[in-house]
Structures are given as structure tokens and as C-alpha cells.
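Here is how the chains run, residue by residue.
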Amino acid sequence: MDSQQATELFQSTAVLLCLDVPQGCEFGIDNHSWEVGPKFKGVKLIPSGVHYVFYSMGNRYGGSSAPRTSFFIHCKPQQVIVRKWDPEAEDLVELKDKAEEERYILGVRRFEFDQFLGAFPWGDMKAIHRWRSLTKHITASVVKRLEPVGHKITSAAKPLTENELDLLQSPFKTLTKEEIEESLESVSNVFYTKIPKHFAPASRDGADVTRFNLDKSRMLDHILVQGKLVDSRGKPKPRLLLGEMQFAFVSFLMGHLFDSFEQWKSILALLCSCEAALQTYPEFFLEYTDALQHQLGEIPEDFFVDILSGKNFLTSTLTGFFEILDDSSIKPELYEAGQILRRFVEKRFGRSFSVMDLDAVDDEDAPTVVEM
């Protein structure tokens, strides 16, 4: 890269200035992470768009991976975002003195910090494309709607069950249950849309209750309206739920927030059970199958090898989704997308997703059936 190309790249990208981060901390942005060295003061050449910043003190204490703190940023060309390490809170915080912040911004633009800024890994274009696919529907408005009041997401604040601990440790090899619980101080209150497991229609007729819970299309519209995921005319806009699904996935996979895993799971269980909605929102479900394929391609294979054995929400959820997609009456492009997704997951996880091969479904994920 010559000097002109470097200048053009600098002018079209952003800088995240992180002052006084202790040496040995883990620091990451998107799907990249590093151990902080003695000269580290942030990251330069960050592409425009949504990014996920995360960090932990784990590597400073015997190499363990401690609970992570994270936040989303939405970068614009030539933007400089300033954070400073608070040693008491062990956290990156915004500067309260705006005059001081402006001095740092001017210093960055004069290249006074350039030698201390790590370059965003533009050489790994595959990783950049993967990240863009994972966050395609996460807009600045989605982040504003969902993020906690203090903008920070802190992993696993509640006491962990054995099952939650296993799910977190399987791909990430984190701390013991006791170490995690001792490190957690407060719950990260992400404002997720409420998604009930079962839907009670106005009619109390048993057949209606069963029908509306087997096909959750009506529940989807109800959730969208109740959650104000609507267009300017008040009509349901399911595409807004894709941004939330991707927000939940990223904050679980990179931020280690178990509540986000639960929300991701709930959204999948809902969307994979909407048979009539395939006809109503075909373009949305085309985008959904694409987003889901990218997500399933990112999760460590050994993680799903473990949870695909025996009763598991993903096994039953995907099997049911493939069954309703195997319908010649739906839009041809959606039918083909369903076949592509099915071939992908069967190859990746080495198993069939057929109703004939499906074992009993976990009670909590099973649809409501009312006996007459």
C-alpha cells in the first residue's frame, strides 16, 4: 500500500482510541482479538458500519478467560471514538471532560498516536466479509433499541446452571462456575423483544389453541405489533426482528452473554414454526435463511456436536423448518434457499434433519396441543 492509498483509507475509516488499557488484557473487535501489549492505544482504519468491541482481564490472571465486557459502535468515515481505562471499575469508559476528549481527537488526526494504534486486519478479507454477513441487519437504530442503558454488555451476570456452564465452556473453555460467579457484579439488561413460548388466541377453543401454536405465524404478527416492530403505518415489519436475532447471536458468541443465547434460541423457535408466514413474508424468510446459514457457519462445530446429541432445540427446530419449507407452493426462490440451507447443515453437522429421524422434542420447545 503506497502513501496515497494509506491516506485514502485513513480518510474513509474510523479510529477507536483506548487509553491506559493494562498490558495482558484481552481486547477484540468483531471476530478478531489480541493480547494487549505495552504500547497499545487502540485500533485504526476501522471500516464504516457496526462493530462489536469486547475485552476482559482474564489473561492478566493466570491465562484464564474471564467474563467479557463489550459494546457496539457505529463507525463513520474519519470518526475518532475515545475511551479510557478506569482502573477501579476495570472498564473502558467515556471521558467526562469533553475538552480533554477533543484534545485526544485532534491528536489522533495529527497522527500523534499513530505508532500506538493497531491496524484493523484488512488483510483478512474473508473475516471481514463474514462479519458483514453476521451484522447485515444490525443498524444503529437496532443497537439503540436493544442495548443496556449504560451501553455496556457484561457476560453472564446471574448464577449459572450446570447446563448453562456446559454451553459456555464447550466452545470457549472459560472459568469454573465458582470463578465466574465470583467475578459477576451486575446483570446486563438488554432490552430484547418478549417472545412467549406459547400463544393464547382470543378463542379458547382447543383446536384454535393447538393450531396457533403449531403454526406460529399469527404469534409472529402479535409479537411484532406488541414489540413495536412495525412500519410507519403500524403494520408488522418482521425484517426488524432479523437485526435483533443478529444482535443476540453476536453478543452471545463474542460477548459470552447467555441471555442472548436464550433470545437467539427463542427467535429461531418462533421463525422456524411460521408456515403461513412463508406465503405472507417470502422476501423476509429469504433473508432469514441466509442470515441463519451464516450464523450456523460461525459457531464452533464441537459446540453443536455436543448439543445435537439427544434432545435438543436446534435439532427439532431445524427439522420442523425444513419440513414446512419442503412445499412446492411457496415462492421458488425460498424453496431453493431452504434446500441450500438443509444441505449446508447436514454436511456441516454430519446428520440428517428429517422428521423420520427426529427423537422426542424437549417439553419446553414443544408446541401446545390441547385435547378435545
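Further up the page is the structure itself.
Below, the structure is looked at part by part. Small disclaimer: the values here were computed from a predicted structure and weren't measured. (Residues numbered from 1 in each chain as written. Predicted model: local features only at pLDDT ≥ 70, side-chain atom pairs only at ≥ 80, totals over all residues. Heavy atoms only, no water.)

Here the focus is the overall build of the protein. Scanning the protein for helices and strands turns up 15 helices and 10 strands. Burial statistics for the protein: of 372 residues in total, 51% are counted as buried. Summarising the internal contacts of the protein: among those between residues at least 6 apart in sequence, 70% fall at separations of at least 24. For the protein, the accessible area works out to roughly 18,300 Å², and carbon and sulfur atoms hold 50% of it. (Helix = DSSP H or I, 4+ residues; strand = E, 2+ residues; numbered from the N terminus. Buried < 20%, exposed > 50% of the residue type's maximum accessible area, 1.4 Å probe, protein only. Contact = heavy atoms within 4.5 Å. Areas by Shrake-Rupley, 256 points an atom, 1.4 Å probe, with all protein chains shown as cover.)

It is worth spelling out the packing of aromatic side chains at this point. Scanning the entire structure with this criterion turns up 19 aromatic pairs. Ring plane angle 55° and centroid distance 5.6 Å describe the contact between F249 and W264, whose orientation is recorded as tilted. Here W264 lies in helix α10 (residues 258–271) and F249 lies in helix α9 (residues 239–253), a separation of 15 residues in the sequence. Taken as a pair, F249 and W264 share a single burial class, namely buried. Ring centres 6.2 Å apart and planes at 35° place the aromatic pair F261 and W264 in the tilted group. Separated by three residues within a single helix, F261 and W264 lie in helix α10, roughly one turn from each other. (Phe/Tyr/Trp six-rings, centres within 6.5 Å; stacked < 30°, edge-to-face > 60°.)

Helix length check: helix α15 (residues 332–349), at 18 residues, gives a terminal C-alpha distance of 26 Å against a target of 26 Å (1.5 Å per residue), a fit within 8%. For α15, every residue scored as buried is listed here: L334, A337, G338, Q339, L341, R342, V345, R348 and F349. Once α15 ends, the next one or two residues include G350, with phi positive near 65°. (Expected span 1.5 Å × (residues − 1).)

Attention now goes to the pattern of salt bridges. The tally for this structure, following the rule as stated, stands at 14 salt bridges. Residue E336 is joined to R343 by a salt bridge in which the shortest nitrogen-to-oxygen separation is 3.6 Å. What makes E336 partly exposed here is its relative accessible area of 38%. (Salt bridge = Lys/Arg side-chain N within 4 Å of Asp/Glu carboxyl O.)

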